[in-house]
Amino acid sequence: MTRRWQILLLGLALSVLCWQARAQAPGVRVAVVSSQLSAPHMDAAQALIRQLESRGVPRSSIQIYNPADVASIPEATQTTIKVWVALGTQAAMVLGKSRLKAPALGALVPRAAFERVLRATGHQLSPQFNVVYLDQPLSRQMALIRLALPESNRVGVLLGPDAWHRNASLRDAASANGLALRATQVDDDDALFAALQSVLEDSDVLLAQADPLVFNSHSIQNILLTTIRANVPLIAFSPAYVRAGALLALYSTPTQAGAQAAHWVLEVLAGRQLPAQPLEPDDFEISVNDQVARVLALTLDAQALRLALKQQERQP
Amino acid sequence: MKNSDIRRRMLLAALLPVALLCLLLSGVFLFSRFEDINDNYQLRNRSVARQLALACEFGLFAANQEQLQAIALGALREPDVRWVGIRDRAGRLLASAGEANGAGLPGVFGPAEQIVGNLPDMFTQAVYASGLKLDDLYEESNGFEHRSAAPLGQVEVMFSHQPVSDKKREILLLGGLISILGLLFGVVLAARLSAGVIRPMMRVSHLIERIGHGDFAAAARVQANTSADDPLHALQENLVRMANRLANVQQELEQQVATTTSALREKKEEAELATQAKSRFLAAASHDLRQPIHALGMFVARLSQLQHDAATRQLIDKLDASVRAIQNLLDGLLDISRLEARAVQIKLQDFPLQELFERVADDLAPLAQDKELRLRVRPCTLWVRSDSALLYRILLNLVGNALRYTEQGGVLLACRPSADPTQLNIEVWDSGLGIAPEHQEAVFKEFFQVGNPARQRTKGMGLGLSIVQRSCQLLNHRLQLSSRLGAGTRFRLTLPRAAPRAAWAEAMLPQPNQDGVAQGAAVLVIDDDDLVRQALVELLQSWDYQVAHADGLQQAQQVIQNGFAPALVISDYRLNGNAQGIDVIAQLRQQLASPVPACLISGDADPALLLAAQVAHLTLLHKPVRPAKLRSLLSRLLTVQGESDARS
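For clarity, every value in this text was computed on a predicted model and none was experimentally measured. (Residues numbered from 1 in each chain as written. Chains lettered and ligands numbered in written order. Predicted model: local features only at pLDDT ≥ 70, side-chain atom pairs only at ≥ 80, totals over all residues.)

### A few points about the overall build of chain A
Link 1 in the chain: If you tally the helices and strands in chain A, you get 13 helices and eleven strands.
Link 2 in the chain: Partitioning the contacts of chain A with sequence separation of at least 6, the portion at a separation of at least 24 is 74%. (Helix = DSSP H or I, 4+ residues; strand = E, 2+ residues; numbered from the N terminus. Contact = placed C-beta atoms within 7 Å.)

See below:
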């Protein structure tokens, strides 16, 4: 309740800001396009603005737009904008389709979704159009499995046709952590159960990839049921999966994503270019479903795991 | 019948709304109950199908036929479930349980939940993967929401309708039973209530009927039977009051009628006494008048036969006319009294009119000549059925009357065929002074004369039309009078026609005088009145009869013993010492040992006398006897006697 009120007030404040920014259009330097006014997006935007303000960027030079309003931004305003930030896939899609004079950075965009945006807009990944992925880097995921489930050696992965090309990188990441990858392609919903069963037979842990063809709100229930029956823990990419019954989730919060985006905005404002490679999230969180852990006779502590993983990453 | 009719109507009036309401309510409640049962059935079945679908979700996802079969078998344990089928999204039957007849159904994917075709108890429920709200960020980006609409498969459940039908039948039976019981209760109630109304009504109705028939005492009886809580108590009380009042009024009326009747009877008796007194007086007066006038007539007749000088002859003629007038008056009175007493015997016969007309014309010709009037008789060949003597008197009176009241012109007697072929009209026309409309009824009354306040003797006595009318009534002939003042009068007599016959005995008609037929015959005259006897004897002698006379039976017997053999006996009816002419004649006939012709002469107008004479086969002459009539009778009697003697 309180949170909803906060969101509402923030939304209201942002709207007022939007109106003010329009009035002082010539001063806009950072344009933030948010797909939705939902809590994660607002958290990300707040973190971004807070970070920028703390680093001396005046609030008045930061403007938040709706994706639908992008096309109607006046030419004069567009010339003053130094950097665009897209929060969410839809915003990224809109910016990708717009002719922008300034570089654009996406955030809160999953890897698969960004690939789709690139395909749809014809953009290349470049300093002018880059993204901070929402998904965690494969190496981090594998490292977490290694840390959390040291007894597990075989990692099962289900990939849809669109994501099948990640098979190789997954295998590399797995072997880098001393794990064997068992990847299976799922062509359609009918084949899901058969694929799942074949993967589970040869795996100690199932690593979920953010591929909506395989993992979506309708399939997750049955997938979870199947994995629990097969006594194979599921490592997911979102805390929601942990709430639904996955053992672990590795993810970045919107605040973390906003802060990371702010870092790169400051870089651009400081006259530097964005990197040409996609940006992996540098901060992350880990969730644990204690109930599932108990069923699987595991003892896991999310904070400890996070710290351990962070520490491991900091080591060369 | 009336009772049952009222009862039926009342029952109908009371029952019809109850029955309708009963039916309506039963219908509404049964219908809504059926709806409820149906709804419950559908709801329960649907929920069974839904639960089954939920249970099947993972089994279908995993295509786990063993699990699905177990679920299907488990669903069979639900009441009314006959068959369960679980199909995957391709329509393949993965599991089924129950009666086999549902297994052949094709897999149909339609709306999430459906009642298949015409089978109301077949439910299908599509099975979807249950959704789970996940992370907004990934959901926003996946863009594959539409794919979730595809179902995992479907569940088909067939339910038995039998329990529902049984329950409906049960409710229907119960409802029908309650309705019938309600109706029966209504019938009994209505019958009892209506009886409470009908009985007093019928009682009142019977009471009115009895009062209508005059039984006023019924009211009192009914009143005694009714109680104060009777619904029609007030009505009955009023009826009783009315009946009592009617009874009183009737009593009063009866008393009044009785009083009036007795008063009228007294008046009538008084009037009758007065009439009898008048009749007695008239009879006595006429009897006493007849004797001297009878004698006077005969003396005048005798006198006229003698030789006289011219002056005396004229005087005698006037005397004769005066005597004839008196005689006519007395004849008229006699006729009236006889007609009034209905003592006239009618002899209906068929006869031709012509001869009757001629006789009337002959008899009245002198009167017409005296007044210098033309009396015409139109020749007539028709026959009629009537009494010739009475008809003669009628015509004589009508024509005589016409002549008397006509000063110039003439009188016509004619017969004409009537519009009715069975009838005939005899008409008497005159050119006299006519009768005013206001007098046309009065002319038929005794002694009424138009335009003769001075009562001139030549105009008659005013008895003619009265005699005519009474005679016509007796004969049943219709008499019509049409007249205009100053333009003459026409009397029309309508009587039945008869077929002409060849043989006609002329003797039936009153014969004209046949003088000298039996001259010199011996006639015995018996009369206790010396004057009358003397006049008659002298008259008979003047007609050349041998006459002996006696004042009674004894003298007569002596005359016969003395050797007088009468050919004819003429006797007065009433003789000295209460002796009667009839007895005298009978005894004389005994003495003579032969039925000597005889005739009676009487001064009484007593109808009984006429009957007695007829019984004794005697001709009765009334005083004053006209000499001509007497002469004609004598000659006829003597002729008949002569003929019978010749035959014997």
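### Points about the overall build of chain B
Link 1 in the chain: Looking only at helices and strands, chain B features 15 helices and 17 strands.
Link 2 in the chain: Counting every position in chain B, which comprises 648 residues, the buried fraction comes to 30%.
Link 3 in the chain: Of all intrachain contacts in chain B linking residues separated by at least 6 positions in sequence, the fraction that spans at least 24 positions is 70%. (Buried ≥ 20, exposed ≤ 12 C-beta atoms within 10 Å, placed from the backbone.)

### Some details on the pairing of strand E6 (residues 154-159) of chain A
Residue and element names in this part refer to chain A.
Link 1 in the chain: Burial of E6 is extensive: five of the six residues sit out of reach of the surface.
Link 2 in the chain: Bridge count between E6 and strand E7 (residues 180-185): six bridges; the pairing is parallel. Looking across to E7, one finds that Gly156 is bridged to Arg182.
Link 3 in the chain: Note that the unit made of E6, helix H7 (residues 167-176) and E7 has a crossover that is right-handed.
Link 4 in the chain: Sheet analysis places E6 next to strand E8 (residues 205-207), joined by three bridges and oriented parallel. Each residue of the ladder has a partner; that of Val155, found in E8, is Val205. (Pairing = 2+ DSSP bridges. Right-handed = clockwise from strand over helix to strand, strands pointing away.)

### Description of helix H13 (residues 581-592) of chain B
Residues and elements named next belong to chain B.
Link 1 in the chain: Under the 1.5 Å per step criterion, the end-to-end length of H13 is 16 Å for twelve residues, consistent within 8% with the ideal 16 Å.
Link 2 in the chain: Looking at H13, one finds that the buried residues are Gly581, Val584, Ile585 and Leu588. Buried residues in H13, looked at end-on, bunch into an arc of 95°, giving them a common side.
Link 3 in the chain: Looking at the packing, one finds that the buried side of H13 touches strand E13 (522-526), helix H12 (553-561), strand E15 (568-572) and strand E16 (598-602).
Link 4 in the chain: Following H13 by one or two positions, Ala593 adopts a phi angle in the positive range, close to 55°. (Expected span 1.5 Å × (residues − 1). Arc of directions from axis to C-beta.)

### Examining the nonpolar core
Link 1 in the chain: Counting residues in each nonpolar core, the largest one holds 134 residues, and the members touching the most others are Val85 and Leu248 of chain A.
Link 2 in the chain: The biggest single contributor to this core is helix H1 (residues 2-62) of chain B, with ten residues.
Link 3 in the chain: Setting aside its immediate chain neighbours within four residues, Val85 of chain A contacts Val30, Val32, Leu48, Leu105, Ala107, Ala261 and Val265 of chain A.
Link 4 in the chain: Counting residues in each nonpolar core, the second largest holds 49 residues, with Ala295, Val523, Leu536 and Val569 of chain B among its members. (Core = buried A, V, L, I, M, F, W, Y, C linked by C-beta atoms within 7 Å.)

### Examining the sheet that holds E16 of chain B
Residues and elements named next belong to chain B.
Link 1 in the chain: Strands sit in the order E14-E13-E15-E16-E17 across an open sheet of five strands; the sheet is parallel. The open sheet has two edge strands with one neighbour each: strand E14 (546-550) and strand E17 (619-622). Each adjacent strand pair in this sheet contributes to an overall mean axis angle of 20°, direction not counted.
Link 2 in the chain: Pairing of E16 with E17, which is carried by four bridges, proceeds in the parallel orientation. Looking across to E17, one finds that Ile601 is bridged to Leu621.
Link 3 in the chain: Across the sheet, H13 is in contact with E13, E15 and E16; its angle to E15 comes to roughly 155°. (Axes fitted to C-alpha atoms, helices over the stretch in contact; angles between N-to-C directions.)

### Observations concerning the sheet that holds strand E9 (residues 234-236) of chain A
Sheet strands line up and pair through hydrogen bonds in the backbone, either parallel or antiparallel.
All names here are of chain A.
Link 1 in the chain: One open sheet accounts for six strands, arranged E7-E6-E8-E9-E10-E11; its pairing is mixed. At either end of the open sheet lies a strand with only one pairing partner, and these are E7 and strand E11 (285-288). Shown here is a sheet whose adjacent strand axes are inclined to one another by a mean of 25°, direction ignored.
Link 2 in the chain: Judged from the two bridges that link them, E8 and E9 form a sheet pairing that is parallel. Within E9, the position partnered with Leu206 by the bridge is Leu234.
Link 3 in the chain: Taken strand by strand, helix H6 (residues 138-148) contacts E6, E8, E9 and strand E10 (248-251), and its axis lies near 145° from that of E10.

### Description of the interface of chain B and chain A
Link 1 in the chain: Counting residues at the interface gives 23 residues for chain B, matched by 30 residues for chain A.
Link 2 in the chain: At the level of elements, H1 and helix H3 (136-142) of chain B are the ones that each hand at least two residues to the side of chain B that touches chain A.

### A few points about unusual backbone geometry
Residue and element names in this part refer to chain B.
Link 1 in the chain: With a phi close to 65°, Asn476 is a non-glycine residue in the positive phi region.
Link 2 in the chain: Inspection of the secondary structure assignment puts Asn476 in the loop between helix H10 (464-475) and strand E11 (478-483).
Link 3 in the chain: On the basis of neighbour count, Asn476 is assigned to the exposed category, with 11 C-beta atoms found within 10 Å.
Link 4 in the chain: With a phi close to 55°, Ala593 is a non-glycine residue in the positive phi region.
Link 5 in the chain: In this structure Ala593 comes out as exposed when scored by C-beta crowding, with 7 C-beta atoms within 10 Å.

### Some remarks on the packing of helix H4 (residues 89-97) of chain A against helix H5 (residues 111-121) of chain A
Each pair of packed helices gets described by two things: the angle between the helix axes and the distance between those axes.
Residues and elements named next belong to chain A.
Link 1 in the chain: Two elements in contact, H4 and H5, have axes separated by 9 Å at closest approach and are oriented at 25°. In this view, H4 runs roughly parallel relative to H5, as classed from their interaxial angle. For the pair H4 and H5, the sense of crossing is right-handed. Taken together, the residues of H5 that come into contact with H4 (itself represented by Thr89, Ala92, Met93, Gly96 and Lys97) are Ala113, Phe114, Val117, Ala120 and Thr121.
Link 2 in the chain: Residue composition of the contact of H4 with H5, grouped by class: six nonpolar, three polar and one charged. (Parallel < 35°, antiparallel > 145°, perpendicular 65-115°, else oblique. Left-handed = near helix turned anticlockwise from the far one by under 90°. Nonpolar A, V, L, I, M, F, W, Y, C, P; charged D, E, K, R; others polar.)

### Comments concerning the confidence of the model for chain B
In low-pLDDT regions, the fine details of the predicted coordinates are not to be read closely.
Residue and element names in this part refer to chain B.
Link 1 in the chain: Per-residue confidence for chain B gives a mean pLDDT of 80, with 86% of residues at or over 70.
Link 2 in the chain: Strand E10 (residues 423-430) holds the highest mean pLDDT among the elements of chain B, 91, whereas strand E3 (residues 113-115) holds the lowest, 51.
Link 3 in the chain: Here residues 505-517 is modelled with pLDDT under 50, and outside its nearest four sequence neighbours on either side it reaches 19 contacts, counting other chains as well.
Link 4 in the chain: Both confidence scores are given for the complex: pTM 0.49, ipTM 0.72. (pLDDT = per-residue confidence, 0-100.)

### What to know about the environment of Arg492 of chain B
Residue and element names in this part refer to chain B.
Link 1 in the chain: By the element assignment, Arg492 lies in strand E12 (residues 489-498).
Link 2 in the chain: Residues Arg492 and Asn425, spaced 67 residues apart in sequence, show a C-alpha to C-alpha distance of 6.3 Å.
Link 3 in the chain: In this structure, Arg492 is in contact with Asn425, Glu427 and Gln480, ignoring residues within four places of it in sequence.

### Observations concerning the packing of H12 of chain B against H13 of chain B
Residues and elements named next belong to chain B.
Link 1 in the chain: Two elements in contact, H12 and H13, have axes separated by 10 Å at closest approach and are oriented at 20°. Judged by the angle between their axes, H12 and H13 are roughly parallel. Note on packing geometry: the crossing formed by H12 with H13 is right-handed. Contact with H12, carried on its side by Leu553, Ala556, Gln557 and Ile560, involves Val584, Gln587, Leu588, Gln591 and Leu592 of H13 and no other residues of that element.
Link 2 in the chain: Considering only residue class, the contact of H12 with H13 consists of six nonpolar, three polar and no charged.

### Focus on H5 of chain A
Link 1 in the chain: Inspection of H5 of chain A places Arg111, Ala112, Ala113, Phe114, Arg116 and Val117 of chain A among the buried residues, and these make up the whole buried set.
Link 2 in the chain: A positive backbone phi angle near 80° is found at Gly122 of chain A, which sits one or two residues after H5 of chain A.

### Structural notes on the environment of Ser205 of chain B
Residue and element names in this part refer to chain B.
Link 1 in the chain: Turning to its location among the elements, Ser205 is positioned in helix H4 (residues 162-212).
Link 2 in the chain: C-beta crowding within 10 Å serves as the criterion here: with 14 such atoms nearby, Ser205 is assigned to the partly exposed category.
Link 3 in the chain: Taking the C-alpha atoms as reference points, Ser205 and Gln236, separated by 31 residues in sequence, lie 9.9 Å from one another.

### Digging into the environment of Ala414 of chain B
Residue and element names in this part refer to chain B.
Link 1 in the chain: Looking at the secondary structure, you find Ala414 in strand E9 (residues 410-417).
Link 2 in the chain: For Ala414, a count of 16 C-beta atoms within 10 Å gives the class partly exposed.
Link 3 in the chain: Once the C-alpha coordinates of Ala414 and Glu427 are considered, the two residues, 13 residues apart in sequence, prove to be 5.3 Å apart.
Link 4 in the chain: Beyond its immediate sequence surroundings of up to four residues, Ala414 is in contact with Arg378 and Glu427.

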